[in-house]
Protein chains: 2
Amino acid sequence: MANDPFKALAHPIRRGVIERLAQGPATVREATSAFDVSKPTLSKHLRVLEEAGLITRVIDGREHRLALAVEPLREAGTWIDEQRGRWEGLFDAVESYLENRA
Amino acid sequence: MANDPFKALAHPIRRGVIERLAQGPATVREATSAFDVSKPTLSKHLRVLEEAGLITRVIDGREHRLALAVEPLREAGTWIDEQRGRWEGLFDAVESYLENRA
DNA sequence: TAGAATGTTAGCCAAATGGCTAATGATCCG
DNA sequence: CGGATCATTAGCCATTTGGCTAACATTCTA
């Protein structure tokens, strides 16, 4: 459990759902109406997001209320920032390495 | 061309290569020696990273010098930050929605 | 020049991914 | 009750992904 969040972000529809949920919680229908694929397909995408821990689900009657879970998103963002930060800390070394290693 | 960077980050080996390159440019061997898979497999992973624009390659004799290309990484990081930022801007609305919608 | 080193291509294969339809479950409402 | 609504499961299929071995191309070096 708590599957790879990067893998979950790999599909455009799933990123679209995240974008929708970032503007506020929503039901499945509200969160997915923008995408032109079948309901079962969307259901699968939601499952992937849920298993990655990126969204939470509360069942309320016949509706499922989805909400963004920021923590895994934060971790993913942090990972990216770290890599970028390290890289940008050694810009001197880079060009010389690429052009002509001593 | 300039394929989906998130998709490229979806595999742990590819993220590992990014981590290695964030510490400085490296040859293929240097960048991949930590991973216990065959050379052709690694070669494929590098191709994915390159097509996503996440790394650059300069061929120098028999060695290929790899370097991180920060720009797509920055864009991915920015996307995540934006979603998180929006979400965190409406924490009041969230709980009421989840618990009891008016 | 022969062999070692670096890396890629070609081709194969099993498993995962992403789509679909049909059917099901559960709930709301007239 | 009975139909409409919201959403999922089950099962199918084509494509993609990620791994492998074998073979090749290039370059360095003893």
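Let me sum up the structure you'll find in this document. (Residues numbered from 1 in each chain as written. Chains lettered and ligands numbered in written order. Predicted model: local features only at pLDDT ≥ 70, side-chain atom pairs only at ≥ 80, totals over all residues. Heavy atoms only, no water.)

When you go through chain A residue by residue, the secondary structure sums to 6 helices and 3 strands. Written out in order from the N terminus, the α and β elements of chain A read α-α-β-α-α-β-β-α-α. Every one of the 102 residues in chain A was classed for burial, and the buried ones make up 44%. Long-range contacts, defined here as pairs at least 24 residues apart, represent 51% of the contacts in chain A between residues at least 6 apart. In the form shown here, chain A has an accessible surface area of approximately 5,700 Å², with 50% of it arising from carbon and sulfur atoms. (Helix = DSSP H or I, 4+ residues; strand = E, 2+ residues; numbered from the N terminus. Buried < 20%, exposed > 50% of the residue type's maximum accessible area, 1.4 Å probe, protein only. Contact = heavy atoms within 4.5 Å. Areas by Shrake-Rupley, 256 points an atom, 1.4 Å probe, with all protein chains shown as cover.)

Here we take up the protein's contact with DNA strand C. Around DNA strand C, 22 residues are found, and the nearest of them are Ser38, Lys44 and His45 of chain A together with Ser43 and Arg57 of chain B. Backbone atoms, meaning sugar and phosphate, form 65% of the atoms of DNA strand C found within 4 Å of the protein. Measuring from a phosphate oxygen of DNA strand C, one finds a backbone N or O atom of Ser38 of chain A at 2.7 Å. When residues of the surface near DNA strand C are traced back to their parent elements, those giving at least two are helix 4 (39-51) of chain A together with helix 3 (28-32), helix 4 (39-51) and strand 3 (63-68) of chain B. Across the surface near DNA strand C, the residue classes break down as 4 nonpolar, 8 polar and 10 charged. (Near = heavy atom within 4 Å. Polar contact = N/O pair within 3.5 Å; in protein donor to acceptor, adjacent residues only side chain to side chain. Nonpolar A, V, L, I, M, F, W, Y, C, P; charged D, E, K, R; others polar.)

Residue and element names in this part refer to chain B. With 8 of its 11 residues buried, helix 2 (residues 12-22) lies for the most part within the structure. For helix 2, the full list of buried residues reads Ile13, Arg14, Arg15, Gly16, Val17, Ile18, Leu21 and Ala22. Just downstream of helix 2 lies Gly24, where phi reads positive at about 135°.

Taken together, 22 residues sit near DNA strand D, with Arg29, Ser43 and Arg57 of chain A together with Lys44 and His45 of chain B positioned nearest. Counting only atoms of DNA strand D within 4 Å of the protein, the sugar-phosphate share comes to 67%. His45 of chain B places a side-chain nitrogen or oxygen 2.4 Å from a phosphate oxygen of DNA strand D. Each residue belonging to the surface near DNA strand D can be placed in one class, and the counts come to 4 nonpolar, 8 polar and 10 charged.

This part covers the sheet that holds strand 1 (residues 26-27) of chain A. All names here are of chain A. Strand order in this open sheet of 3 strands is 1-3-2, and the pairing throughout is antiparallel. A strand with exactly one partner marks an edge of an open sheet, and here the two such strands are strand 1 and strand 2 (55-60). Inspection of the sheet shows strand 1 paired to strand 3 (residues 63-68) by 2 bridges, in the antiparallel sense. Among the inter-strand pairings, Ala26 is bridged to a residue of strand 3, identified as Leu66. Strand contacts of helix 2 (residues 12-22): strand 1, strand 2 and strand 3, with the helix running at about 85° to strand 3, the strand carrying the most contacts. (Pairing = 2+ DSSP bridges. Axes fitted to C-alpha atoms, helices over the stretch in contact; angles between N-to-C directions.)

The next point concerns the packing of helix 2 of chain A against helix 5 (residues 70-88) of chain B. Between helix 2 of chain A and helix 5 of chain B, whose axes approach to 8 Å, the crossing angle comes to 30°. In this view, helix 2 of chain A runs roughly parallel relative to helix 5 of chain B, as classed from their interaxial angle. Contacts from Arg15, Ile18, Glu19, Leu21 and Ala22 of chain A of helix 2 of chain A reach helix 5 of chain B at Trp79, Gln83, Arg86 and Trp87 of chain B. (Parallel < 35°, antiparallel > 145°, perpendicular 65-115°, else oblique.)

Before going further, it helps to spend a moment on the relation of the copies chain B and chain A. In screw terms, the move from chain B to chain A is a rotation of 180° and a rise of 0.0 Å along the axis, fitting with an RMSD of 0.0 Å. Taken together, the rotation and translation describe the operation of a two-fold axis. Taking C-alpha positions as reference, the residue of chain B nearest the rotation axis is Gly77 of chain B, located at 2.8 Å. In this assembly, 100% of the residues forming the interface of chain B have copies in chain A that are likewise at the interface, indicating an isologous arrangement. (Least-squares fit on C-alpha atoms with pLDDT ≥ 70 in both.)

A few words now on the packing of aromatic side chains. All names here are of chain B. Summed over all chains, the structure comprises 2 aromatic pairs over all chains. Between Phe6 and Trp79, the aromatic rings sit 5.5 Å apart at their centres with planes inclined by 70°, giving edge-to-face as the arrangement. Separated by 73 residues along the polypeptide, Phe6 in helix 1 (residues 5-8) and Trp79 in helix 5 bring together distant segments of the chain. With respect to class, Phe6 is no different from Trp79; both count as buried. (Phe/Tyr/Trp six-rings, centres within 6.5 Å; stacked < 30°, edge-to-face > 60°.)

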